Amino acid sequence: MDKGFSGNPGMVSRARGTSPYTRAMPASEPAPPPFAAPSTRSGSATAAWWRSWWRSQSPTWQDRFALLVPLAAVLLFMAAIVSAFWYLRLEETDREQEAVKRDLEYGQQRLRLRLLERQEQLMRIARDISNQELDRVGFVSRAEALISQYPELQAVSWIDESERIVASHAAPTVPSNQLRVSGEALKPGETESFFSLARDLSQPVYSQPAGGLDPAPLLQLHVPLTGDGRFAGVVLAEYSIDSLLRYGMPTEVLSRYAVTFVDGSHGLLAGTPLPARGPASRWLPWRPRTIAYETPVSPVGNGMLVRAQAYRTSPGIVGSGLFWLVGTLSALTAWTLIATWGHTRRRLRAQAALVEETNFRRAMENSILTGMRALDMSGRITYVNAAFSQMTGWSAQELVGQTAPFSFWPESDYETLDQRLRDELGGKTTQGGFQVRMKRKNGSVFDARMYLSPLIDARGHQTGWMTSVTDITEPNRIRAQLSASYERFTVVLEALDASVSVAPLGSTELLFANKMYRQWFTEGGANGHLRLVAQAGVPDSSPGADGDDEVDGFMGLPTDTLTSAQTGNAEIFVEELGKWLEVRSRYFNWVDGRLAQMVIATDITPRRHAEEQAAQQAERAQSVSRLITMGEMASSVAHELNQPLSAISNYCGGMASRIKSGNITEEALLAALDKTAHQAQRAGQIIQRIRSFVKKSEPNRTLSDVAGIVDEAVELAQIELRRRNVRLSHYVAARLPAIMADPILIEQVLVNLLKNGAESIDQAERPLARRNVELRVVPRVQEDVAGIEFSVQDSGQGLAPEVLERLYEAFFSTKSEGMGIGLNLCRSIVESHHGRMQAQNLYNAADEITGCRFTFWIPLAKPGDGTANPAAAAASNKRTNA
């Protein structure tokens with residue numbers, strides 16, 4: 001600040017007609033146009049002054065020519081060097097492209113020979129099958145030898161003309177959902193087109209795999225079978241495309257290039273391509289060009305291509321030191337010329353910046369919404385800005401020069417405001433400002449907050465005070481509304497019939513508790529809150545806990561926005577209250593920014609009692625249902641027991657007669673006793689199975705073996721099926737995983753379904769050849785969840801449409817002596833295991849009902865599932881394996 005600014009800066013600025021924030025310009029620089037007093041000049045005079053001033057500061061055409069000539073020479077030299085290097089780089093790229101093409105053609109020929117060799121071996125197998133020189137066992141043996149010898153082969157299957165699998169063998173690495181089981185038909189749409197093509201062409205046909213699938217598809221080869229001049233099926237070989245790449249391509253090609261298999265639309269089938277370059281790099285002139293070549297895989301066809309991309313192991317010609325040295329020197333030369341030219345314009349830019357800053361300061365002063373007021377040391381107003389005038393309604397001319405009491409003071413607050421002014425002038429300032437009431441020119445009053453700061457001149461002396469004024473009428477109104485809203489919200493929380501408490505994480509401080517919380521936990525504080533959190537298993541630690549400072553105390557908490565995190569629910573029993581409580585927790589930021597936890601505890605004791613009673617009723621209904629089932633099977637059980645008991649009686653009578661006559665040897669006696677003991681053991685096993693089935697026991701879900709459950713159910717159901725002359729066939733897939741289930745309940749479902757199927761066949765009076773029930777147990781995935789599917793299929797009279805609608809309705813039965821609770825309980829048992837049950841009729845080609853199929857699905861045990869009661873699990877497994 002120059003000497004003219006001594007004293008009050010606001011007064012000096014007004015004398016000059018400029019803002020107090022305007023800086024003094026150096027005397028050595030030419031003055032800008034007179035913005036301070038635009039009324040003294042006309043618009044044309046100001047424009048003429050600007051044009052003459054700019055011409056005096058602009059460089060002449062001679063200066064521009066002297067700069068551009070050497071700059072153009074440097075640029076031409078750089079262009080020549082870049083062109084030469086670019087030509088050399090193109091030649092190098094062409095050589096590399098030819099090498100990629102040559103190596104890939106060699107690798108493709110190796111791969112073609114390998115595929116033709118496998119094709120010839122499979123054709124020999126097909127010829128042996130067509131000549132009936134190879135049976136299923138021999139086919140599996142030769143397929144196993146091929147798969148073990150050639151790792152790219154994943155599976156070899158024999159499929160008849162009706163698209164049903166006769167025999168199949170697969171490598172251990174094939175996923176279970178891609179295994180082909182003997183006796184099953186091909187899935188609709190699966191290889192159907194290629195199967196038909198092999199049948200029509202009578203020659204080997206390769207499939208056209210599609211990329212981008214998970215799991216990766218297999219390359220299929222269909223070799224047709226012919227017998228007696230007609231089509232008899234195909235030999236289906238499935239290749240792993242990834243193994244074909246690994247073992248079919250030469251190792252030297254794989255080590256030199258990134259080799260991949262792609263489909264006809266360039267979807268990735270196998271291999272790892274080079275990563276794509278960023279969008280910005282494609283515009284760089286020195287970026288390396290991608291060197292790649294692709295060709296169809298013969299004899300597969302154009303649906304599968306092999307593609308090779310060369311690794312760039314050297315920077316190339318462009319990356320040589322000579323290129324960068326020349327480029328650097330040329331750039332330095334150009335920079336020197338440009339810097340010299342730029343130095344001539346530095347004075348103009350400095351002057352333009354000064355004018356721009358002056359205008360900016362003035363615009364900023366007029367645009368801010370905060371009122372500014374300056375006082376001298378005697379309390380006289382020396383300056384006000386436009387925002388202060390707009391806030392109070394008085395102009396700057398009316399306010400400047402006033403002393404207390406000011407015109408914007410309300411009459412009722414004179415004494416208070418006068419005391420405030422004396423405190424200001426005495427240096428007693430408040431750090432956070434203070435709130436006052438101010439009056440507008442129209443007489444209305446508003447709330448304002450003032451902040452005080454001293455005005456210091458260039459010599460460090462205080463010349464007055466600067467006060468900033470903010471209108472806080474609207475914030476005060478909003479604060480009052482929030483306070484009223486808080487009171488209403490508190491009344492609602494106090495009236496809730498649930499306990500609500502809020503506490504910061506890792507602290508015993510209780511931030512909020514409603515009336516119900518205070519009634520339940522009378523000791524006060526956050527002890528009740530912490531007990532609920534600990535018993536419900538909700539994390540409540542914070543980073544401030546004891547331990548290593550590097551350990552994250554919030555580990556395990558939700559990682560998304562805390563205000564949108566989902567709540568965690570838990571049901572606990574509080575002994576001191578004698579109540580069951582449902583505890584819900586949620587994390588959020590408290591008003592002071594701390595991470596807090598809200599816990600809502602609701603009394604659910606009546607609901608728990610009702611659930612326990614319902615569970616007891618369901619358990620009793622299941623036990624009664626088993627008793628009813630065995631009651632209905634009583635005559636069959638008696639017949640089954642009569643056979644071993646009659647045999648025992650005959651053996652004993654025969655032994656007694658021969659002993660009396662003395663016509664028996666010790667060996668014959670021992671043999672007769674062994675047969676008697678075997679029949680007694682058989683009768684005991686029948687009774688033990690019935691006793692285990694009808695015995696009332698607590699629900700016990702354990703990891704159970706599916707095959708053991710099916711064997712137990714089949715043994716019990718065979719009694720009833722034999723009495724009704726119904727043949728039972730069952731199939732259980734190999735290596736089925738365990739399920740988390742109650743074995744007795746699953747057995748009950750299977751026995752009920754098998755018995756119902758036999759009764760349906762009996763009612764339909766089917767001939768002996770059509771009296772059969774089939775039980776199948778296979779793995780099945782439903783909605784991306786793995787599980788086990790149990791299906792019972794009979795050849796009875798099926799279900800009427802009106803019966804299907806009410807099939808699972810309690811106490812509804814189509815049998816005259818039935819109670820109507822069997823299928824209802826079966827579905828309840830399946831749904832309690834998180835499974836599903838359904839029924840459907842079977843039809844023939846004439847749309848006649850030929851039977852019915854009941855299917856239920858149980859999900860597999862999760863990896864974390866285990867047996868809650870080890871002793872009970874051991875007992876259950878022992879009973880299952882008996």
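Since this is a predicted model, take the numbers as computed values, not measurements.

Caption draft 1: Structural view of unusual backbone geometry. Here S298 and P299 are connected by a cis peptide whose omega angle stands at 15 degrees. Here A404 and P405 are connected by a cis peptide whose omega angle stands at -5 degrees. In this structure, P405 sits in the loop between α11 (396–399) and α12 (414–425). The phi angle at D228 is positive, at roughly 55 degrees, despite the residue not being glycine. Relative to the helices and strands, D228 resides in the loop between β4 (218–227) and β5 (230–240). Given the relative accessible area of 82%, D228 is considered exposed. Positioned with a positive phi, H834 is a non-glycine residue whose angle comes to about 65 degrees. Its place among the elements puts H834 in the loop between α22 (822–832) and β25 (836–843). For H834, a relative accessible area of 62% puts it in the exposed group.

Caption draft 2: How the structure looks around the packing of aromatic side chains. Per the counting criterion, the structure on display carries 10 aromatic pairs. Taking the centre distance of 5.4 Å and the plane angle of 80 degrees together, the rings of F388 and F408 count as edge-to-face. With F388 in helix α10 (residues 386–392) and F408 in the loop between α11 and α12, the pair connects residues that are 20 residues apart, well separated along the chain. Here F388 matches F408 in class, with each residue buried. With 6.1 Å between their ring centres and 55 degrees between their planes, F588 and W590 make a pair best called tilted. Judged by relative accessible area, F588 falls into the buried class, the value being 18%. What links up through ring pairs into an aromatic cluster is the set F388, F406, F408, W409 and Y414. Positioned over the ring face of W580 is R608, at 3.7 Å from the centre of the ring.

Caption draft 3: Spotlight on the nonpolar core. The biggest cluster of nonpolar side chains holds 47 residues, and the ones touching the most others in it are L122, F139, V235, Y239 and F261. If one sorts the elements of this core by residue count, helix α3 (residues 61–130) sits on top with nine residues. Residues within four places of L122 in sequence aside, it is in contact with L146, V156, L221, V223, V235, A237 and Y239. I746, L799, Y808 and C826 belong to the second-largest nonpolar core, a separate cluster that totals 42 residues.

Caption draft 4: Just the pattern of salt bridges, in detail. Evaluated as defined, the whole model comprises 38 salt bridges. Between D471 and R440 there is a salt bridge, with its nearest N and O atoms 3.6 Å apart. Taken together, the residues D471 in strand β14 (residues 462–471) and R440 in the loop between β12 (434–439) and β13 (445–456) connect sequence positions 31 residues apart. What makes R440 partly exposed here is its relative accessible area of 25%. One salt bridge connects E576 with R531, and the closest N-O pair in it is separated by 3.2 Å. Of this pair, E576 sits in the loop between β17 (568–574) and β18 (579–589) while R531 sits in helix α15 (residues 527–536); the two residues are 45 residues apart in sequence, bridging distant segments of the chain. On the accessibility criterion, R531 (34% relative accessible area) is partly exposed. Among the ionic contacts, a cluster of salt bridges with common partners joins E720, R723, R724, K755, E759, D762 and R771.

Caption draft 5: Highlighting the environment of R770. For R770, the location among the structural elements is in the loop between α20 (743–764) and β23 (772–782). On the accessibility criterion, R770 (36% relative accessible area) is partly exposed. It is 9.3 Å that separates the C-alpha atoms of R770 and D794, two residues lying 24 residues apart in sequence.

Caption draft 6: Expanded view of the side chain of Q309. Locating Q309 in the fold gives a position in strand β9 (residues 301–310). Since its relative accessible area comes to 8%, Q309 is described here as buried. Of the polar contacts made by the side chain of Q309, one reaches the backbone nitrogen of L274; its length is 3.4 Å. Contacts of Q309, omitting those with residues within four sequence positions, involve Y257, A258, P273, L274, T290, I291 and A292.

Caption draft 7: Highlighting helix α13 (residues 473–494). Along its 22 residues, α13 runs 32 Å from first to last C-alpha, staying within 8% of the 32 Å computed at 1.5 Å per residue. Residues N476, T490 and L493 constitute the buried set of α13. For α13, the angular spread of buried residues about the axis comes to 100 degrees, placing them on one side. With respect to the buried face of α13, the exposed residues turned more than 90 degrees away are R488 and V491. In the core, the buried residues of α13 are packed alongside β12, β13 and β16 (512–513).

Reading the values: the criteria
- Residues numbered from 1 in each chain as written.
- Predicted model: local features only at pLDDT ≥ 70, side-chain atom pairs only at ≥ 80, totals over all residues.
- Heavy atoms only, no water.
- Helix = DSSP H or I, 4+ residues; strand = E, 2+ residues; numbered from the N terminus.
- Buried < 20%, exposed > 50% of the residue type's maximum accessible area, 1.4 Å probe, protein only.
- Phe/Tyr/Trp six-rings, centres within 6.5 Å; stacked < 30°, edge-to-face > 60°.
- Lys NZ or Arg CZ within 6 Å of the ring centre and 35° of its normal.
- Core = buried A, V, L, I, M, F, W, Y, C linked by side-chain atoms within 4.5 Å.
- Contact = heavy atoms within 4.5 Å.
- Salt bridge = Lys/Arg side-chain N within 4 Å of Asp/Glu carboxyl O.
- Polar contact = N/O pair within 3.5 Å; in protein donor to acceptor, adjacent residues only side chain to side chain.
- Expected span 1.5 Å × (residues − 1).
- Arc of directions from axis to C-beta.

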